[in-house]
Amino acid sequence: MLAAEATLQATPQATKHGLAAGDAAKPERADWTIDQGWEKYTPAQHAVWKTLFERQTQLLPGRACDEFVEGMKNLPIGADEIPDFRRLSDVLMQRTGWQVVAVPGLVPDEVFFEHLANRRFPSGQFIRGADQLDYLEEPDVFHDVFGHVPMLMNPAIADYIQAYGVGGLRAKELGVLDKLARVYWYTVEFGLVQQKDGLRIYGAGIASSRTESVFALDDASPNRIAFDLERVMRTHYRIDDFQESYFVIENLDRLLELASIDFGPLYARIDGQPEFQPGDVLPTDAVISRGTGRYHQA
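Residues numbered from 1 in each chain as written. Predicted model: local features only at pLDDT ≥ 70, side-chain atom pairs only at ≥ 80, totals over all residues. Heavy atoms only, no water.

**So, the sheet that holds strand 4 (residues 198–201)**
As a reminder of what qualifies: Strands were regarded as paired on the criterion that DSSP finds at least two bridges between them. Each helix is a run of DSSP H or I of at least 4 residues and each strand a run of E of at least 2, with the numbering of both proceeding from the N terminus. Working convention: axes come from line fits to C-alpha atoms, limited for helices to the stretch in contact. Angles between N-to-C directions cover 0 to 180 degrees.
Ordered by their spatial adjacency, 5 strands build an open sheet running 4-3-6-5-7, and the pairing between neighbours is mixed. Of all the strands in the sheet, just strand 4 and strand 7 (287–289) have a single pairing partner and so form its edges. Across the sheet, the mean angle from the axis of one strand to that of its neighbour is 35°, orientation sign disregarded. Strand direction decides the pairing type here: strand 5 (residues 223–226) and strand 6 (residues 245–249), joined by 4 bridges, are parallel. Opposite Arg224, over in strand 6, you have Tyr246 as the bridge partner.

**Quick notes on empty space enclosed by the protein**
Using the following cut-off: Put simply, the grid is 1 Å and covers the protein atoms alone, a cavity is a trapped set of points that fit a 1.4 Å probe, a pocket is an open set with protein on both sides within 12 Å along at least five of seven lines, and lining residues have an atom within 4 Å of a point. Grid points are joined across faces, edges and corners, and a volume is the space filled by probe spheres set on the points.
Throughout the structure, instances matching the rule amount to 1 cavity of 30 Å³ or more. Quantified by volume, the largest cavity comes out at close to 50 Å³. In this structure, the largest cavity is lined by Gly147, His148, Met151, Ile157, Ile161, Val188, Tyr202 and Ala204. Elements that contribute at least two residues to the lining of the largest cavity include exactly helix 5 (141–148) and helix 6 (155–174).

**Let's talk about the pattern of salt bridges**
We count it as follows: Each salt bridge in this description consists of a side-chain nitrogen of Lys or Arg and a carboxyl oxygen of Asp or Glu lying within 4 Å of one another. When accessible area is computed with a 1.4 Å probe and restricted to protein chains, residues below 20% of their type maximum are described as buried, those above 50% as exposed, and intermediate ones as partly exposed.
Per the stated rule, a full pass over the model turns up 24 salt bridges. In this structure, Lys73 and Glu70 form a salt bridge, with 3.2 Å as the shortest nitrogen-oxygen distance. Highlighted residues: Lys73 and Glu70, both in helix 2 (residues 66–73), separated by 3 residues, approximately one helical turn. For Lys73, a relative accessible area of 59% translates into the label exposed.

**Digging into the packing of helix 4 (residues 109–117) against helix 6**
Relative orientation and spacing of two packed helices are given, respectively, by the angle between their axes and the distance between those axes. Quick note on the threshold: By convention the crossing between two helices is left-handed if the near helix lies anticlockwise of the far one by an angle smaller than a right angle, and right-handed if it lies clockwise. Should any heavy atoms of two residues lie within 4.5 Å, those residues are counted as being in contact. Residue polarity follows a fixed list, in which Ala, Val, Leu, Ile, Met, Phe, Trp, Tyr, Cys and Pro are nonpolar, Asp, Glu, Lys and Arg are charged, and the others, Gly among them, are polar.
For the pair helix 4 and helix 6, interaxial distance at closest approach is 7 Å and the crossing angle is 145°. Here the hand of the crossing between helix 4 and helix 6 comes out left-handed. The segment helix 4 lies against helix 6, with Asp109, Glu110, Phe112, Phe113, Glu114, Leu116 and Ala117 engaging Ile161, Gln162, Tyr164, Gly165, Val166, Gly168, Leu169 and Lys172. Residues that form the contact of helix 4 with helix 6 fall into these classes: 8 nonpolar, 3 polar and 4 charged.

**So, helix 12 (residues 263–270)**
The condition that has to hold: Note: the arc covers the axis-to-C-beta directions of the helix. Two N or O atoms form a polar contact when they lie within 3.5 Å of each other; inside protein one atom must be a possible hydrogen donor and the other a possible acceptor, and for residues adjacent in sequence the pair counts only when both atoms belong to side chains.
Taken residue by residue, helix 12 has Phe263, Gly264, Leu266, Tyr267 and Ile270 as its buried positions. Looking straight down helix 12, one finds its buried side chains confined to an arc of 165°; they lie on one side. Between the side-chain oxygen of the N-cap and the backbone nitrogen of Gly264 there are 3.0 Å, and the N-cap of helix 12 in question is Asp262. Gly272 sits one or two residues past helix 12 and shows a positive phi near 80°.

**Notes on the nonpolar core**
Nonpolar side chains in soluble globular proteins tend to be buried together. Quick note on the threshold: Residues belong to one nonpolar core when they are buried, are Ala, Val, Leu, Ile, Met, Phe, Trp, Tyr or Cys, and are joined through side-chain atoms within 4.5 Å.
Residues Trp49, Phe68, Leu192, Tyr202 and Leu252 are the most contacted members of the largest nonpolar core, which totals 82 residues. Tallying contributions element by element places helix 7 (residues 177–189) first for this core, with 8 residues. Look past the residues within four positions of Phe68 in its chain and what remains in contact with it is Leu60, Phe146, Gly147, Pro150, Met151 and Ala207.

**A look at the environment of Val193**
Relative to the elements of secondary structure, Val193 occurs in strand 3 (residues 192–195). Distance from Val193 to Cys65, taken between C-alpha atoms, is 7.3 Å for residues 128 residues apart in sequence. Setting aside residues no more than four positions away along its own chain, Val193 makes contact with Cys65, Gly198, Leu199, Arg200, Tyr202, Val248, Ile249, Glu250, Asn251 and Leu252.

Set out below in C-alpha cells:
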C-alpha cells in the first residue's frame, strides 16, 4: 500500500522502486522478494535512518499508543543503523509468528496479500534520500519497519493483518478491492485508538511521519470520528496530503472482531450505495471532534 507523507515543500525527483519502476525492476522471484543486502547500506543511508529515527522517537512519546511503544522496545531497532530484517524476523517469529521479507518497493496486489496471508510483511529495502526526509512518494524501509513492525508484535494487530491478506485475495476476485483497501488505510496506515489517557496513534502512516504525527492529534482541521466499518468502506481517502478525517477505534481488540467478520454480505449491502469524500461528516457519525477543515480549504 502506498503511504503518502504530506509536505508543503516541492516534490523532489525521486527514483522509482518496485512496481512503480515498471517491468525492468521486476525481481526474478515470483513473490517479488529480494535479499535485503544489509551489508551494502552506506554510511550515508544509515545516517538518514538515524535522522528519521531520532526525530520520531523524540516526537512520539505521549502520541503513539502503548502497544507501539512496547513493540519498539522489544525489537532490535535502534538509531545507529537500518535494522537487519533477519534479526527482526527472529524476534517477531517468537512473538507472533511473523517475519519481515525484503521487496524492492511496491508490489502487485496479489503478491502483497499473499505475503500478509502467510504472516510475511513485505518491506521496501531502500531508504529515501537526505533531501527527501519530509516527503515519501513510495513506502521505504523507514516507513515499513519503523511504522509497521512494532505493531506486528501485538497479537491483535498480527492476526488482523493476516486476516486482511486473506480478505484481500477474496476482494480482488470479487472486484471490490477498493472497498477493503479503505479499511486498511483508515486502520493500519492512518488509524487512531482511544486510550484512557487520550487519543493515540497506531497507524504506520502517521507514526512514521513527523508532520502527520502532530497534525493527526493536535491540529483543529481534521475530523476525528468513531470507527464504523461500513462507513469506512464507503469513504475515499487522501494519498497526496494529510488525511481530512481520522477514524478512531476504542481498543486494538476491536480489530480482532473485524478479522472474524464475513465481508461478503457487507460488499453486497454497500454495493451501489453513495460514497463519501474524505472530509464528509454524516449525521450518523459518532464525532469525537469535528474539524474546521481549514488546512485543506487553504
